[in-house]
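A structural walkthrough
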Amino acid sequence: MPAQSNGVARLISPRRLILTRDALSEDLPQDFVRIRIEFCGVCGTDRSFYLGHRDEGYPISLGHEHCGTIVAVGGQVTPYQVGDFVAIDPNFRCGSCFYCQTGAGHLCESAAVTWYSNRGYANFVDIKSSYLLKLPEYQSRHLGALVEPLSVAINAADISKCSLYDEDTLVLGIGGIGTLLVFNLLETQGGEVWIYDNAHHKMAALKDLYPSRIKILDGSDDRVFGVVFEATGSSDGFLHGCARLAKLGRLIVVSRYHSDEPSIPDRLPWKQPRIYFVHVNGDGGSFTRAAALMKRNWGPNHDHLLSFHPLGDIDRVFTEYESIPANKKIISME
């Protein structure tokens, strides 16, 4: 395997992302593949690292919503071959620990193992083949970068057991995950969904796609909901979700709080709610379902929810994150 140069975006300190050039190894482990990354989504977790809310040592590479083409395979890799278009599930599952055996592979005892060379904001990654999912041919290759976050949204919907016909349902926060939550709910069920976000243009962009099926919540409206998905990423959003919850309601927390862990409001127990915290994409089955749903239901009109940015502009994307109007930002390596 000829040596190549790999461009990798690395966070070397809070709010400082730089591009480095690394030499790719000429040796690939037997159970690994090398992927030329094509697209990688920008996630709120990545931004928490960028802002310094999580410090796991520097420098670190970021990006976990990535897809690309296999350019080399190790000698023991049989399910994949050069040329396959794949998405990467960043959650390692050993398959043998207590959690994996009981259908909770997202809590795998070996989840912290990193069988890869770097994350997704890069030109290439060398990674253990067990992380991969072969994708169908999409109308656009960037859809592969939406498979992992959509799998999280699907897992959240599964946990909620919500029925749009039977229960008023609210999605709080219309960023990447919130947008994909709405997409999943409306494309797999009949009925309507309510949405709320401080950024009104994000709500308007979604309502343009589903004008008769989305209701935008007015801040002065005091209605409550049987099911609330909290995807704002902030403790204020959690408190808002608690306030909007009906008695015996279900609050599904998709946010992962890194800088301002919320507390339970004093009067919330009086409602006797059920609160579920969604951790990544569950046992991984939602990953395959997400790939199929993108193929079947994501149309060209949905693409106006996205914005694309070259890898060289990645620091600007994180710096100007709030002012970029798109519901979902994607880094392109092309």
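A brief look at the structure comes next. Everything numeric here is computed off the predicted structure, so don't read it as measured data.

Moving on: the overall build of the protein. Broken down by element type, the protein carries eight helices and 16 strands. The C-alpha radius of gyration of the protein comes to 20 Å, within 12% of the 20 Å expected for a compact globule of 334 residues. On the principal axes, the C-alpha backbone points of the protein span a range of 65 × 45 × 40 Å. Classification of the 334 residues of the protein by burial places 54% in the buried group. For the protein, contacts bridging at least 24 residues in sequence account for 68% of all contacts bridging at least 6. For the protein, the exposed area adds up to about 14700 Å²; of that, 49% sits on carbon and sulfur atoms. Distance between charge centroids for the protein: 2 Å, based on 32 positive and 38 negative side chains.

Attention now moves to the sheet that holds strand β14 (residues 274-277). Reading across the sheet, the six strands line up as β11-β10-β9-β12-β13-β14 and stay open at both edges, with parallel pairing between neighbours. Edge positions in the open sheet fall to β11 (214-216) and β14, since each of these has one partner strand only. The sheet shows a mean angle of 20 degrees between the axes of neighbouring strands, taken without regard to direction. Judged from the five bridges that link them, strand β12 (residues 225-230) and strand β13 (residues 245-253) form a sheet pairing that is parallel. Residue Val228 lies in a different strand from β13, and its bridge partner there is Leu251. On the sheet, helix α4 (residues 176-188) packs against β9 (169-172), β10 (193-196), β11 and β12 and is oriented at approximately 155 degrees with respect to β9. Sheet contacts for helix α6 (residues 235-243): β9, β10, β12 and β13; angle to β13, the most-contacted strand, approximately 150 degrees.

Attention now goes to the sheet that holds strand β2 (residues 16-23). The strands that make up a sheet are held in pairs by hydrogen bonds between backbone atoms, and each pair lies either parallel or antiparallel. Pairing is antiparallel across the open sheet formed by three strands, whose spatial order is β2-β1-β4. Strands at the two margins of the open sheet, each flanked by one partner only, are β2 and β4 (60-61). Alignment of strand β1 (residues 5-13) against β2, held across eight bridges, turns out to be antiparallel. Of the residues in β2, the one forming a bridge with Ala9 is Leu19.

So, on to the packing of α4 against helix α7 (residues 285-297). Relative to each other, α4 and α7 sit at 70 degrees, their axes nearing to 12 Å. For the element pair α4 / α7, the angle class is roughly perpendicular. Between α4 and α7 lies a crossing whose hand is left-handed. Of α7, the residues touching α4 (which contributes Phe183, Asn184, Glu187 and Thr188) are Leu293, Met294 and Asn297.

Tracing the sequence through the fold places Val147 in helix α3 (residues 147-160). It is 18 Å that separates the C-alpha atoms of Val147 and His309, two residues lying 162 residues apart in sequence. Apart from the residues lying within four places of it in its own chain, the contact partners of Val147 are Ala87, Leu135, Tyr138, Phe287, Ala290, Ala291 and Met294.

What follows covers the side chain of Ser235. Relative to the elements of secondary structure, Ser235 occurs in helix α6. Only 3.0 Å separates the side chain of Ser235 from the side chain of Asp260, close enough to count as a polar contact. The residues touching Ser235, leaving out its near neighbours within four places in the chain, are Tyr257, Asp260 and Pro262.

The packing of two helices is summarised by the inter-axis angle and the distance between the axes. The contact between α3 and α4 brings their axes to 9 Å, and the two run at 60 degrees. The pairing of α3 with α4 is recorded here as oblique in orientation. Crossing geometry of α3 relative to α4 is assigned as right-handed. The segment α3 lies against α4, with Pro149, Leu150, Val152, Ala153, Ile154, Ala156 and Ala157 engaging Ile177, Leu180, Leu181, Phe183, Asn184 and Leu185. Tallied by class, residues from the contact of α3 with α4 come to twelve nonpolar, one polar and no charged.

Criteria and cut-off values
All residue numbers refer to position in the chain's written sequence, counted from 1. Given that the model is predicted, a residue must reach a pLDDT of at least 70 before its local features are reported, and side-chain atom pairs must reach 80 or more before they are shown or counted; all residues, however, enter totals for whole chains, interfaces and linings. Calculation of side-chain values draws on the structure's entire complement of heavy atoms; hydrogens and water are dropped beforehand. Starting at the N terminus, helices and strands are each numbered in turn, a helix being any DSSP run of H or I of at least four residues and a strand any DSSP run of E of at least two. In this description the radius of gyration comes from C-alpha coordinates, and the expected globular size is given by 2.2 Å times residues to the power 0.38. Exposed residues in this analysis have more than 50% of their type's maximum accessible area, buried residues have under 20%, and partly exposed residues fall in between, with area computed by a 1.4 Å probe over protein chains only. We call two residues in contact whenever any of their non-hydrogen atoms come within 4.5 Å of each other. Residue exposure ignores everything except the shown protein chains as possible cover, and the areas themselves are Shrake-Rupley values with a 1.4 Å probe. In summary, the charge assignment counts Lys and Arg as positive and Asp and Glu as negative, without counting His or the chain termini. Here the site of a charge means atom NZ of a Lys, CZ of an Arg, CG of an Asp or CD of a Glu. One requirement defines pairing of two strands: DSSP has to find at least two bridges between them. Axis angles are defined between N-to-C directions and span 0 to 180 degrees, where every axis is a line fitted to C-alpha atoms and, for a helix, only to the segment in contact. When an angle is under 35 degrees it counts as roughly parallel; over 145 it counts as roughly antiparallel; between 65 and 115 it counts as roughly perpendicular; any other value is oblique. In this scheme the crossing of two helices becomes right-handed for a clockwise turn of the near helix relative to the far one and left-handed for an anticlockwise turn of less than a right angle. Two N or O atoms form a polar contact when they lie within 3.5 Å of each other; inside protein one atom must be a possible hydrogen donor and the other a possible acceptor, and for residues adjacent in sequence the pair counts only when both atoms belong to side chains. Nonpolar residues are Ala, Val, Leu, Ile, Met, Phe, Trp, Tyr, Cys and Pro. Charged residues are Asp, Glu, Lys and Arg, and all others, Gly as well, are polar.

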